[in-house]
Amino acid sequence: MPVTGIGGFFFRAQDPKALADWYLTHLGVGAPEGVYLWPQQAGPTVFSPFKETSDYFAADKRWMLNLRVEGLDDLLASLRAAGIEVTTKAEWDATPEIGRFARIHDPEGNPIELWQPPAGA
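This write-up is about the structure you can find in this document. (Residues numbered from 1 in each chain as written. Predicted model: local features only at pLDDT ≥ 70, side-chain atom pairs only at ≥ 80, totals over all residues. Heavy atoms only, no water.)

## Structural notes on the overall build of the protein
In terms of regular secondary structure, the protein is built from two helices and six strands. In the protein, the order of α-helices and β-strands from amino to carboxyl end is β-α-β-β-β-α-β-β. A compact globule built from 121 residues would reach a C-alpha radius of gyration of about 14 Å, and the protein, at 15 Å, matches this within 12%. In terms of overall dimensions, the protein has C-alpha extents of about 45 × 35 × 25 Å along its principal axes. Taking contacts inside the protein between residues at least 6 apart in sequence as the whole, the part at least 24 apart equals 60%. Once the 10 positive and 16 negative side-chain charges of the protein are each reduced to a mean point, those two points are 3 Å apart. (Helix = DSSP H or I, 4+ residues; strand = E, 2+ residues; numbered from the N terminus. Rg over C-alpha atoms; globule rule 2.2 N^0.38 Å. Contact = heavy atoms within 4.5 Å. Lys, Arg positive; Asp, Glu negative; His and termini not counted. Charge placed at Lys NZ, Arg CZ, Asp CG, Glu CD.)

## A few points about the pattern of salt bridges
Per the counting criterion, the structure on display carries five salt bridges. Measuring nitrogen to oxygen at the nearest pair gives 3.0 Å for the salt bridge that ties E52 to R62. With E52 in the loop between β3 (43-51) and β4 (63-69) and R62 in the loop between β3 and β4, the pair connects residues that are 10 residues apart, well separated along the chain. Its relative accessible area of 34% is what places E52 among the partly exposed residues. Its salt-bridge partner being D73, residue R100 comes within 2.7 Å of it at the nearest N-O pair. Taken together, the positions of R100 in strand β5 (residues 100-105) and D73 in helix α2 (residues 72-81) put the pair 27 residues apart, joining distant regions of the chain. For R100, a relative accessible area of 28% gives the class partly exposed. For D73, a relative accessible area of 48% translates into the label partly exposed. The network of salt bridges with shared partners includes D73, D93 and R100. (Salt bridge = Lys/Arg side-chain N within 4 Å of Asp/Glu carboxyl O. Buried < 20%, exposed > 50% of the residue type's maximum accessible area, 1.4 Å probe, protein only.)

## Quick look at the packing of aromatic side chains
If you walk through the whole model with that rule in mind, you get nine aromatic pairs. With a centroid separation of 5.9 Å and 65° between ring planes, the pair formed by F11 and F47 is classed as edge-to-face. Here F47 lies in strand β3 and F11 lies in strand β1 (residues 3-13), a separation of 36 residues in the sequence. Taking 5.3 Å as the distance between ring centres and 40° as the angle between the ring planes, the aromatic pair formed by F50 and Y56 counts as tilted. The class for F50 is buried, based on a relative accessible area of 17%. With relative accessibility at 30%, the residue Y56 sits in the partly exposed group. Taken together, F10, F50, Y56 and F57 form an aromatic cluster joined through their ring pairs. Lying over the aromatic face of F57, R12 brings its terminal NZ or CZ to 4.2 Å of the ring centre. (Phe/Tyr/Trp six-rings, centres within 6.5 Å; stacked < 30°, edge-to-face > 60°. Lys NZ or Arg CZ within 6 Å of the ring centre and 35° of its normal.)

## Regarding the nonpolar core
By size, the foremost hydrophobic cluster in this structure holds 11 residues: L67, V69, L72, L75, L76, L79, V86, A102, I104, I112 and L114. Of the residues forming this core, the biggest block, four residues, is contributed by α2. For L114, the residues in contact, after removing those within four places along its chain, are L67, V69, L72, L75, L76, L79, R100, F101, A102 and I104. (Core = buried A, V, L, I, M, F, W, Y, C linked by side-chain atoms within 4.5 Å.)

Structure, rendered in structure tokens:
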């Protein structure tokens, strides 16, 4: 399977810092301020509330699921062959030390970001 875990879960919040602190304090989810990776058994996951005004994903969506994948090119070819619209942008891949990205939507229109971390991450 190309998906190896959750690469990140991004959502808007009225007060991102307060919400992130609440999750860390009450659930142990996330990381201290200034640290963005929450290590898990399967690999790192970014946990970061976004400001209400963020343009990182569609304004009419409260969240975007990020799935960590292996073999992004093969996965994208498979998705396209199944008739699933795939969006890629050169600027998303402009920082190789972060990895490569693509986006799709599920049948209900929910956004999904596919993330292939760099080798060794």
